[in-house]
Amino acid sequence: QVQLVESGGGLVQAGGSLRLSCAASGRTFTNWAMDWFRQAPGKEREFVAAISRSGDNTLYADSVKGRFTISRDNDKNTVYLQMNSLKPEDTAVYYCAAARTFGRAITAPYAGIDYWGKGTLVTVSS
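Residues numbered from 1 in each chain as written. Predicted model: local features only at pLDDT ≥ 70, side-chain atom pairs only at ≥ 80, totals over all residues. Heavy atoms only, no water.

Caption draft 1: Up close: the side chain of R72. Here R72 is to be found in strand β7 (residues 68-73). For the buried R72, which has no salt bridge, the nearest side chain bearing the opposite charge is D35, at an N-O separation of 8.0 Å. Within the local environment of R72, its side chain forms a polar contact with the backbone oxygen of F29, the two atoms lying 3.1 Å apart. Within the structure, R72 has its side chain in polar contact with the backbone oxygen of W32 (distance 2.9 Å). Setting aside residues no more than four positions away along its own chain, R72 makes contact with F29, T30, W32, A33, M34, I51, S52, R53, G55, T78, V79 and Y80. (Helix = DSSP H or I, 4+ residues; strand = E, 2+ residues; numbered from the N terminus. Buried < 20%, exposed > 50% of the residue type's maximum accessible area, 1.4 Å probe, protein only. Lys, Arg positive; Asp, Glu negative; His and termini not counted. Salt bridge = Lys/Arg side-chain N within 4 Å of Asp/Glu carboxyl O. Polar contact = N/O pair within 3.5 Å; in protein donor to acceptor, adjacent residues only side chain to side chain. Contact = heavy atoms within 4.5 Å.)

As structure tokens, this is what we get:
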């Protein structure tokens, strides 16, 4: 069992920045590729970013490329999502997730995800 707890969400104005954190506990953190997803009000959940076990490889949704950066600190069992140049369209609940295989859980229904966090809300105002 892996537990994932997101933090760092909040209210930010358009153009601002925010860093989300996801603390993992349970099975060995380095066994898992990690992902960020988001779900906006009235929308389906969508893939945001992924990072490999070593942190050497990353993937991003087109909507966030150049603005968001995923990273991980395996010594702290934590994955991060640095969000810059935020837009109102980025408003969503952001979910941390763990997967066995990097890059295989980027399309709905995200069957490659083994564990989900409960989410943290990010609100971007105009």
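Caption draft 2: Expanded view of the nonpolar core. Grouped together as the largest cluster of nonpolar side chains are 38 residues, with contacts concentrated most on L4, M34, W36, V79, L81, M83 and Y94. Here this core gets seven residues from one element, more than from any other, and that element is strand β9 (residues 92-99). (Core = buried A, V, L, I, M, F, W, Y, C linked by side-chain atoms within 4.5 Å.)

Caption draft 3: Focus on the pattern of salt bridges. Taken as a whole, this structure holds five salt bridges when the rule is applied. R67 is paired through a salt bridge with D90; the nearest N and O atoms lie 2.7 Å apart. Here the residue R67 occupies a position in the loop between β6 (58-60) and β7, and D90 occupies one in the loop between β8 (78-83) and β9, the gap between them amounting to 23 residues. With respect to burial, R67 and D90 carry one shared label: buried. A cluster of three or more residues bridged by salt bridges with shared partners is formed by R38, E46, R67 and D90.

Caption draft 4: Representation of the sheet that holds β7. If you trace the four strands from one edge of the open sheet to the other, you get β1-β3-β8-β7, paired in antiparallel fashion. Among the strands making up the open sheet, the edge pair consists of β1 (2-7) and β7. Looking at each pair of strands side by side, their axes are set apart by 15° on average, direction ignored. Alignment of β1 against strand β3 (residues 18-26), held across six bridges, turns out to be antiparallel. (Pairing = 2+ DSSP bridges. Axes fitted to C-alpha atoms, helices over the stretch in contact; angles between N-to-C directions.)

Caption draft 5: Main features of the packing of aromatic side chains. One pass over the full model with this rule turns up four aromatic pairs. Between F37 and F47 the ring centres are 5.7 Å apart and the planes differ by 75°, which places this aromatic pair in the edge-to-face class. Placement of F37 in strand β4 (residues 33-39) and of F47 in strand β5 (residues 46-51) is noted, with a sequence separation of ten residues between them. Comparing F37 with F47, the two get one shared label, buried. Judged by centre distance (4.8 Å) and plane angle (55°), the ring pair of F37 and W116 falls under tilted. Taken as a pair, F37 in strand β4 and W116 in strand β10 (residues 113-116) lie far apart in primary sequence, 79 residues in all. A relative accessible area of 0% means that F37 is categorised as buried. Judged by relative accessible area, W116 falls into the partly exposed class, the value being 32%. One aromatic cluster is present, built from ring pairs that chain together F37, F47, Y110 and W116. Above the plane of the ring of Y95 lies R45, whose end atom (NZ or CZ) is 3.8 Å from the centre. (Phe/Tyr/Trp six-rings, centres within 6.5 Å; stacked < 30°, edge-to-face > 60°. Lys NZ or Arg CZ within 6 Å of the ring centre and 35° of its normal.)

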